[in-house]
Amino acid sequence: MAPPPSYADTPTLLVKIFGKDRPGITAGLFDTLAAYAVEVVDIEQLVTRGRITLCALVTSPNAGTGTEGELRATVHSWAESMGMTAEIISGTGDNRPRGTGRSHVTVLGHPLTAESTAAIAASITATGGNIDRIFRLAKYPVLAVEFDVSGTETSLLRTSLALEAAKYGVDVAVVASGLQRRAQRLVVMDVDSTLIQDEVIELFAVHAGCEAEVAEVTARAMRGELDFEQSLHARVELLGGLDASVVDKVRDAVRLTPGARTLIRTLKRLGYQVGVVSGGFTQVTDVLRDELGLDFASANTLEIVDGKLTGRVTGEIVDRAGKARLLRRFAAEAGVPLAQTVAIGDGANDLDMLNAAGLGVAFNAKPVVREKAHTAVNVPFLDTVLYLLGITREEVEAADVDDEPGPAQV
């Protein structure tokens, strides 16, 4: 294979065209340039609200095809005939190489203000980073934009931007650039208050008449104030004596988080494997596994004897350490390196799992979890996690149109 051409010392021209977009502009520009037998070094085009900006970096014309002045005059004449503006800048060589240390910075705003955008851009610059490109991933249910950054370490950038995110009320995720981002093939999430809007044990407690006591213990456990296993046994004991028919009523009351179906459906189409781990109960998670087509599911199991809940759980306890252990087990079974996994959760008992994953996402999480996870999402739409993986809203909707005609499910 022949080596790529080097334009290091070659005279080049940056040709910039901007104005009202219409069909044929790109073809027209390059047809105009073709008369001068130039070589294309780089191209970039952007259309925003019907206005096009087209940049072409090309070699200067050879002596036998015309002069640079003639090329300039021809391009300006063509642009004027199209109602466009042209700018041509002389120089030497290709673009400057991007700096080492490359990251993707995803910003979610609801809304995204000019003030917060300025703060994020300034913070990137302060760490020594350069913004190479910015583009929009989605305009709803939140505005999501991605900054491609070079010249600074991902960990330094993440720390700096976390402060700005907290100050301005936006969500910022920073991940290292490279093939690894494209290769993440396993997503594991918590269930209660993550995949679903409810705490399942509180749904059981309604039928036992002890919802206030259970809710208080749950809240303390999620804040990290109580050992999870002890709190689990204490709460489940309050359910002793409930008729087993309550299980069906609880299943019917469970509400998926907005965007949950879209998230899972899109991940599955992309070839990801998806699992759940829960401090809740298999009586609910097994149904979710079957309904949503999940690859893995693990949770605690309520003991039922003679048609009654005994107030005990059976089998291995899924607690904070257990969730991280199950993430590793699922990754091994899926054949996915741990560095290529994504974990999503909201409570303190999710922290070991979030930190063990290649990318840990705190979803509408408690403060202690937001502070310690890799990144946080604080909008109530679970499918916004897709944007952290570089998946655009247009790609999600196009897949829905291709596979499932009609309105997409929430």
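Please refer to the structure placed before this passage.
This one's a predicted model, so the numbers in the text were calculated from it and none came from an experiment.

Caption draft 1: Seen up close, the layout of surface pockets. Space inside the largest pocket adds up to approximately 1,400 Å³. In terms of lining residues, the largest pocket is bounded by 42 residues, among which E44, Q45, D132, R133 and I134 are the most central. Counting residues per element, the lining of the largest pocket draws most heavily on strand β6 (residues 130-138), which supplies nine residues. Partitioned by chemical class, the residues of the lining of the largest pocket number 16 nonpolar, 13 polar and 13 charged. Within this model, the second largest pocket holds a volume of roughly 480 Å³. Taken together, 22 residues make up the lining of the second largest pocket; nearest its centre are A162, A165, A166, R370 and A376.

Caption draft 2: Spotlight on the sheet that holds strand β4 (residues 85-92). Spatial ordering of the open sheet is given by β2-β3-β1-β4, a layout of four strands whose pairing is antiparallel. The open sheet terminates on both sides in strands that have one partner only, identified here as β2 (40-48) and β4. Averaged over all adjacent pairs, the angle separating strand axes in this sheet is 10°, with direction ignored. The sheet contact formed by strand β1 (residues 11-20) and strand β3 (residues 51-59) spans nine bridges and is antiparallel. Within β3, the position partnered with G19 by the bridge is I52. Sheet strands touched by helix α1 (residues 25-34): β1, β2 and β3. Its angle to β3, the strand with the most contacts, is close to 25°.

Caption draft 3: Summary view of the packing of aromatic side chains. Going through the model one piece at a time under the given rule, you end up with two aromatic pairs. Ring centres of F204 and F281 lie 6.0 Å apart, and the angle between their planes is 85°; on these two criteria the pair is classed as edge-to-face. A residue pair is termed long-range when its members are at least 10 positions apart, and F204 in helix α6 (residues 200-208) and F281 in strand β10 (residues 273-281) qualify at 77 residues. Take F204 and F281: they sit in the same class, and that class is buried. Taking 4.7 Å as the distance between ring centres and 15° as the angle between the ring planes, the aromatic pair formed by F296 and F330 counts as stacked. Of this pair, F296 sits in strand β11 (residues 296-305) while F330 is found in helix α12 (residues 320-334), placing the two residues 34 residues apart along the sequence. When sorted by exposure, F296 lands in the same class as F330, which is buried. One Lys or Arg, R133, reaches over the ring of F135 and ends 4.4 Å from the middle of that ring.

Caption draft 4: Spotlight on helix α3 (residues 114-126). Taking 1.5 Å per residue, 13 residues should reach 18 Å; α3 reaches 18 Å between its end C-alpha atoms and fits that length. Residues of α3 that are buried include every one of S116, A119, I120, S123 and I124, and no others. Projected down its long axis, α3 shows its buried positions confined to an angular sector of 135°, all on one face. Among the exposed residues of α3, those oriented more than 90 degrees off its buried face are A114, E115, T125 and A126. Residues of α3 that are buried in the fold lie against β5 (103-109), β6, β7 (143-150), α4 (154-168) and β8 (171-176).

Caption draft 5: Spotlight on helix α7 (residues 211-222). Between its first and last C-alpha, α7 extends 16 Å over twelve residues, near the 16 Å set by a 1.5 Å rise per residue. Contacts made by the buried residues of α7 are with α6 and α8 (228-237). Taken from the residues just after α7, G224 is the one with a positive phi, measuring 85°.

Caption draft 6: Spatial organisation of the environment of E44. Among the structural elements, E44 can be located in strand β2. By relative accessible area, which is 47% here, E44 ends up partly exposed. For the pair formed by E44 and E394, sequence separation is 350 residues and the distance between their alpha carbons is 20 Å. In this structure E44 touches T53, L54, C55 and R133, once residues within four positions along its chain are discounted.

Caption draft 7: Focus on the packing of α6 against helix α9 (residues 246-253). Where α6 contacts α9, the axes come no closer than 10 Å and their chain directions differ by 130°. In terms of orientation, α6 and α9 fall into the oblique class. Two packed elements cross with a definite hand, and for α6 against α9 that hand is right-handed. Contacts between α6 and α9 pair V200, L203, F204 and H207 from the former with V246, V247, K249, V250 and A253 from the latter. When its residues are assigned to classes, the contact of α6 with α9 shows seven nonpolar, one polar and one charged.

Caption draft 8: Region of interest: empty space enclosed by the protein. Overall, the coordinates contain one cavity of 30 Å³ or more when judged by the stated rule. Taken as a whole, the largest cavity encloses approximately 140 Å³ of empty space. Lining the largest cavity are 17 residues, with D192, E199, F228, G279 and G280 sitting closest to its centre. Counting only elements with at least two residues in the lining of the largest cavity, the list comes to α7, α8 and β10. The element that contributes the greatest number of residues to the lining of the largest cavity is β10, accounting for four residues. Counted by class, the lining of the largest cavity contains five nonpolar, five polar and seven charged residues.

Rules of the game
- Residues numbered from 1 in each chain as written.
- Predicted model: local features only at pLDDT ≥ 70, side-chain atom pairs only at ≥ 80, totals over all residues.
- Heavy atoms only, no water.
- 1 Å grid on protein atoms, 1.4 Å probe; cavity = no way out; pocket = protein on both sides within 12 Å on 5 of 7 lines; lining within 4 Å.
- Points joined across faces, edges and corners; volume = space filled by probe spheres on them.
- Helix = DSSP H or I, 4+ residues; strand = E, 2+ residues; numbered from the N terminus.
- Nonpolar A, V, L, I, M, F, W, Y, C, P; charged D, E, K, R; others polar.
- Pairing = 2+ DSSP bridges.
- Axes fitted to C-alpha atoms, helices over the stretch in contact; angles between N-to-C directions.
- Contact = heavy atoms within 4.5 Å.
- Phe/Tyr/Trp six-rings, centres within 6.5 Å; stacked < 30°, edge-to-face > 60°.
- Buried < 20%, exposed > 50% of the residue type's maximum accessible area, 1.4 Å probe, protein only.
- Lys NZ or Arg CZ within 6 Å of the ring centre and 35° of its normal.
- Expected span 1.5 Å × (residues − 1).
- Arc of directions from axis to C-beta.
- Parallel < 35°, antiparallel > 145°, perpendicular 65-115°, else oblique.
- Left-handed = near helix turned anticlockwise from the far one by under 90°.

Function cannot be read off these values alone, since they describe shape.
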